[in-house]
Every structure is written in C-alpha cells, then in structure tokens.
Amino acid sequence: MNPPAERPVIAEFQDVHRHYQMGDNVVRALDGVSMQVLKGDYVAIMGRSGSGKSTMLNILGCLDRPTTGRYLVGNRDVTHLSDDALSEVRGREIGFIFQSFNLIPQLSVLGNLEVPLFYQGRIGAESKRKAEQLAERVGLGGRLQHRPMELSGGQQQRVAIARALMNDPLFLLADEATGNLDSNTEREILDLLDQLRGEGMTIVVVTHNAKVAERADRALWLKDGRVERLVAARDAVVGP
Amino acid sequence: MIGDFSRIVDLGLKSLLLHKLRSSLTTAGILFGVASVIAMLAVGEGASQEALKRFRDMGVTNILVRSVKPPDTQQSTQAGMMALTTYGLTYQEADRIEHLIKSQVPAAEIVRVREIQRGVMRGENWRSTVIVGTVPAFLSVTNMRIGEGRWLSDIDLQHQSNCCILGNSLAKELFPLENPMNQTVLVGGEDRFHIVGVLDYQGRAAGPQGTTYDECVFVPMSSSRRRFGDDVITRSGNSTKNEHVELHEVKVKLANSDEVVGAARLLRDMIEPLHKTQLDVEITVPLELLEQERASKRMFNIVLAVIASISLLVGGIGIMNVMLATVTERTREIGIRRALGAKKKHIISQFLVEAGVLSAFGGVVGVGLGLLVPYLIEHWFHQQTVVLVPHVLLAFGISAAVGVVFGIYPAWRAANMDPVEALRHE
C-alpha cells in the first residue's frame, strides 16, 4: 500500500537495527526495519511475543535509540540526540497512551493532564483551560478533581488519552491501549481514537489484538525483528 | 519559576503524606537533632554567660588576694573549747603588696577589706549579714555606684566614725517602708551605726562569704577594727570559733588589663612563699578565669559540634534510607514522567525537594522543641539559658542542608534510571 506522496512524513525508520548484548550472545531485537508514518496515518504494529514490537515502540517513543540506522521524527534525525534532547522530543512531539494507563496516583485528573506541559514550563491558566477542554472532549469534564483511584479503567484511559493530547503531539503512540479493558470499554476507547483520527491525528498502535489493528489503515507484521508483511489492516485479523 | 517550584513542593508534600508514619519517623531524626543542638547551645551559652559575668564582676583589671581558712583548721573547734585560729593576710603583708605594686604600676589602686559576719537590726527587722570594713577607694576598685547619700570618706576613716553604707537589697529589707538615710542600725547587738548612703542595686554574683554586695553593710576600715577587733569570735550552738584574721582581702586594681599578668606573677612570687605551709591565702585573677572560661567555651563548642554532627548525620542517613525506598517504590512514576518529557534535572529536583521538605519540616518542629526545652530547664531547674538567633538559624540551616545532601544520591539514582526499564517496573 503506497501512501499518497503529498502528506508530510511524521516518523521514519531507515534500516533501523537494535541489538542487545546478552552475555556472549547478541539479540537482534530489530534487524533492519524501514518504514514511514505519514500525517493522518493510523498504523498498527503487530507481531507475536519477541517479534520486536516493544523495541520498535521504545524507539518510536524516543525512549531508546537504534544501534544502527536512522530514526526521524518530523524530518528531524533524533538518532543521536542527547538524553535531554530526547526528553524534549518526547514532551513536545509524542503523545503516549499505555496499556495500564500510567496515571500518577497522587495527582488529580487535572494534575495528571498538566504534567506534560509542566515539563515544558507551560503551566498556568492556559494549561488549565486546555486540560478542562480535553477532559470535556473525552467525557470527563466533571471529574477534574478526582484521583485516578476514583475512576474506572475506561475513564482512566480516557484521562491518559487527554493527557497524550495536551502537548498537541505530532502523533499518538498507543501501547496495547485496550489491553486492560473489557470489550465494551475497549470499543469506546477505539471509537475515541477513531474520532481523533477523523480530526487528522496521526496514530500508531502497538498491539497483538486484531480488533484493535483492524481499526487502522495498515498494519506492519513483525517477525524476528523484521517487517514480514505490510498489509491492509482488515487483513491483519488473519495474520501471516 | 516560583510556580514550578511551589508545584514541585506541593507534589513532594502529597507524596510524603501518602506515607505519613514513615515520613514522621524519618523527620523525627532531624527534629531531635535540631532540638538537642539548640537546647545544648542555650544551656552552654547560659552557663558561660553566667560565668563570664561573675568574672567580669570581679573586675578584669583586678587581682584579688584573699585570706582563706586553711583546711586543717576546719575541724579544730570542739564543744566548749576556745581554740584560736590565726590565718590569712596581715596588715604588714598588705603594706608590702602596696609597696610592690605601686613600684611597678604607680597608677594602681589597692584597697584592704575586712569582712565580719554579724547580725544587723533595725526595729523588729534582723538580718545576718557581712560587715565590710574598707577604705574610700573600694568604690572605684569594684566599680560600684552610690544610689543615695555618700560613700565612705577619709575623714570617716580618720575619726573611726560609726557611719555605714547599706547594700541595696539589705536597705530594702531593713527599711521596707521608709527612707534609710540618716537612720541608724544596730550592728552585732551593741554598736549603733549611722546610715550615710545606700548603694545602687549591683546584681552581681561576686561577693564576700557567699553573699552579694547588695546584702552587705560597709563601714570604715578603722571603725571595723576598733569595734570588732582582729579576733572574731563566732558562737554556734555550744561550739565557739575564735579566729584571728587581720585582713580578709586585698584588692588590686590595675590601670589596664595588659598589666594584670605581670602583676599577678609578682604577687604570687611574694605571697606564696609566705603562706605555702598553711595555704591560707589565695590569689584570684579574674582575667585568667575569664580566659579559662573562654577556652572551655571553645572546647564545649567543639564537643557540641561533634555531637550535633553525629545526631544530624544519623538523621540524614534516615532521610537517605527513606528516599531510596521512595525512589524504588516510585520507579514506574519516574518512567511515566520521563516518557512525558521530564529531563533528568526535573527528576533530581523533584526528589531533592522531597528530601528537603522532610528535613525542613523536621527542622521547623525541631526549632520549636529546641526553644521549649531551654524554657523548661529555666523553669524547673533555675539554670540560666540563652538562646541566640544565630544558633537557631545554624541548626535549622544544617538540618535543611542535611536533607539536600543526603537526598542527592537517591535523586541521582532516580534520574539515571532507564525510562524503558522504569516503565516496565511493577
């Protein structure tokens, strides 16, 4: 599936390798992956356990660096950036959504929403207004002062999605975003991602769940650290 | 920036309040460290100031040569016996002291003092006190002031007149409702003395025979000798003491403190050989005592600094221990924050602020307790204490610094966690 050429590149892997030394052995978690995510894409990264999904997620999220090859975020090569500069890229360009929500328990919903902007020094009346808008947007307008413990799993994931949108990221990176939810709530969350995608947001989901992947435009099948297949998402249900 | 800091402090407080008992116990180490430092310094400072005042009251340019009852005569009196004990300074020795000192320091003032214990009576009021027989220069040598009336004059000495000056407290006790001036008091049940002056209140610790000058009666040296003689007979129960003492004290006042050490050496060289068998004369140099007190205060401060360092070190180790546990517990939170854009410096400042909040809280409560303890010591044990603001600031500053110093390693560990590993942490 060839993406239309006029859309800008949001994230790009150029022959990315990620190797780990485990004693005397070298583990090739990623072994020459090249791919592009364009603006407005909804991409699923799939694969079995040990296929390299998590490593790909970590590099996509600027939490890890390739051993060789290049990784570009919005045309900027981030392969060799310093730790602080990578933090900056994470904070400004990427919106994370985790399987276990990863809200900070001692902060209220409002406090959690403000965390990404806090690290950019953009905290204040504006951040509060934005947090209120996004909480409203995900249907939790009346819950700003609640602690995560006081919310259901689905509500917590909605807060996490709102938090991921706080910094107007280039793309959302979701790691098994519905893995801890029942099927009804899963559908709600996927619907919410669909809506965001409809509004032009670029979304990358890492999952082994076919129901999640089939919402995407296309799916990358990873096997042994390589892209085995690039398929239309509806075909991902079948698997290689 | 200030908003960011207050947000970090707020977050720190929230995190610490999640484990109230643990945070309180950690704080206790710092709290008691700070409180004990402040209390110890207050007690030490109080004792030191009291001692320094006592020595200053004696006069730092003075040398005091005093007669003391030799130890082997203390038990010499038996029931019904009249053993005569002779000891102390003689008039002849006082002449020699005067001659010696004047030849070296012509501006020096030398006064002789006799101290006789007697009862003083005014109407129904009776007080046991010390009758100080002395000379006019006594007032300037002791730096005392007359409150009302006049001091002793040369004419009083020449005429051996029965005039006296009362110490301030004694005057108030004997004349609670009237002015003592120009009244008389009966001394020793026999001699009536005319009051010509009352001293200002001195409030000094140093005085003769366990009293203060505020409680004494001052009479001309010549009158004291004529009325009471050199033999002092004291009856107590059925035992009688008969002592022959010519002079109880010779006070030497030098013009400035530089001359004190040399003059003291001269005096010791002269007096000690004369009294070395009986040990009945003692030379006190307030300046030397003052120096000794200062030296012992320095030593006390060093000891205190060591104790304070140990107690605050223990408190600091407690904080480090808890902060390490906190970092481990919150590994996942660290990973989340790193994923959301936190740099290492943000994580470091977050954990440092938490350690600082813990120790500063301990410091504040410790200061409160540290101020309360000296108050209670004064109240219950009547021991003077002095709390100095720099001591309080020092104790608090050290406690806050301890928190930050001992928080550095846990904070550094938190900041250097691999974000991927931290996010995986269960």
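The structure this text deals with has already been given above.
In this text, all values refer to a predicted model and were calculated from it rather than measured experimentally.

### Focus on the packing of helix H3 (residues 109-118) of chain A against helix H5 (residues 153-165) of chain A
Residues and elements named next belong to chain A.
At step 1: Packing of H3 against H5 brings their axes to within 8 Å, and their N-to-C directions diverge by 30°. With respect to each other, H3 and H5 are oriented roughly parallel. Like other packed secondary-structure pairs, H3 and H5 cross with a definite hand, here right-handed. Contacts between H3 and H5 involve Val109, Asn112, Leu113, Val115 and Pro116 from the former and Val159, Ala162 and Arg163 from the latter.

### Notes on the interface of chain A and chain B
At step 1: Between chain A and chain B, the residue contacts involve 22 residues of the former and 19 residues of the latter.
At step 2: Mapped onto the side of chain A that touches chain B, the elements with two or more residues apiece are helix H2 (83-93) and H3 of chain A.
At step 3: Examining the composition of the side of chain A that touches chain B, we find that six residues originate from one element, H2 of chain A, more than from any other.

### A word on H2 of chain A
At step 1: Those residues of H2 of chain A not exposed but buried are Leu86, Ser87, Arg90, Gly91 and Glu93 of chain A.
At step 2: Tucked inside the fold, the buried residues of H2 of chain A contact strand E4 (68-73), strand E6 (94-97) and H3 of chain A together with helix H10 (331-339) of chain B.

### Side note on the nonpolar core
At step 1: Ranked by size, the top nonpolar core spans 119 residues in total, and within it Phe171 and Ile203 of chain A together with Ile38 of chain B carry the most contacts.
At step 2: Element by element, the count of residues in this core is highest for helix H2 (residues 20-58) of chain B, at 11 residues.
At step 3: Ile131, Val132, Phe138 and Phe218 of chain B belong to the second largest nonpolar core, which has 50 residues in total.

### Digging into unusual backbone geometry
At step 1: For Cys62 of chain A, which is not a glycine, the phi torsion comes out positive at approximately 60°.
At step 2: The topology assignment puts Cys62 of chain A in the loop between helix H1 (53-60) and E4.
At step 3: In this model, Asn182 of chain B sits at a positive phi of 65°, which is unusual for a non-glycine residue.
At step 4: Its place among the elements puts Asn182 of chain B in the loop between helix H6 (168-174) and strand E7 (184-187).

### Considering the sheet that holds E4 of chain A
Residues and elements named next belong to chain A.
At step 1: Taken in spatial order, the four strands of this open sheet run E2-E1-E4-E5, and their pairing is antiparallel. At either margin of the open sheet sits one strand with a lone partner, and together these are strand E2 (25-38) and strand E5 (76-77).
At step 2: As judged from the five bridges shared by strand E1 (residues 9-22) and E4, these two strands associate in the antiparallel manner. By the bridge assignment for E4, His17 is matched with Thr68.

### Topic: the pairing of E6 of chain A
Remark: a regular strand shows side chains that alternate across the two faces of the sheet.
Residue and element names in this part refer to chain A.
At step 1: Alternating positions in E6 separate into two faces, Ile94 and Phe96 on one and Gly95 and Ile97 on the other, with burial throughout.
At step 2: Across four bridges, E6 lies against strand E7 (residues 171-175) in parallel orientation. Residue pairing for E7: Ile94 is matched across the bridge by Phe171.

### What to know about the environment of Asn256 of chain B
At step 1: Position of Asn256 of chain B among the secondary structure elements: in the loop between strand E12 (249-253) and helix H8 (260-275).
At step 2: Once the C-alpha coordinates of Asn256 of chain B and Thr61 of chain B are considered, the two residues, 195 residues apart in sequence, prove to be 5.8 Å apart.

### A look at the packing of helix H9 (residues 286-329) of chain B against helix H12 (residues 389-415) of chain B
Residue and element names in this part refer to chain B.
At step 1: Closest axis-to-axis distance for the H9/H12 pair is 8 Å, and the angle between their directions is 30°. Here H9 lies roughly parallel to H12, going by the angle between them. Taken as a pair, H9 and H12 cross one another with a handedness that is right-handed. Seen from H9, the contacting residues are Leu312, Gly315, Gly316, Ile317, Ile319, Met320, Met323, Leu324 and Val327; seen from H12, they are Ile398, Ser399, Val402, Gly403, Val405, Phe406, Gly407, Tyr409, Pro410, Arg413 and Ala414.

Here is what the cut-offs are and how they apply
- Residues numbered from 1 in each chain as written.
- Chains lettered and ligands numbered in written order.
- Predicted model: local features only at pLDDT ≥ 70, side-chain atom pairs only at ≥ 80, totals over all residues.
- Axes fitted to C-alpha atoms, helices over the stretch in contact; angles between N-to-C directions.
- Helix = DSSP H or I, 4+ residues; strand = E, 2+ residues; numbered from the N terminus.
- Parallel < 35°, antiparallel > 145°, perpendicular 65-115°, else oblique.
- Left-handed = near helix turned anticlockwise from the far one by under 90°.
- Contact = placed C-beta atoms within 7 Å.
- Buried ≥ 20, exposed ≤ 12 C-beta atoms within 10 Å, placed from the backbone.
- Core = buried A, V, L, I, M, F, W, Y, C linked by C-beta atoms within 7 Å.
- Pairing = 2+ DSSP bridges.

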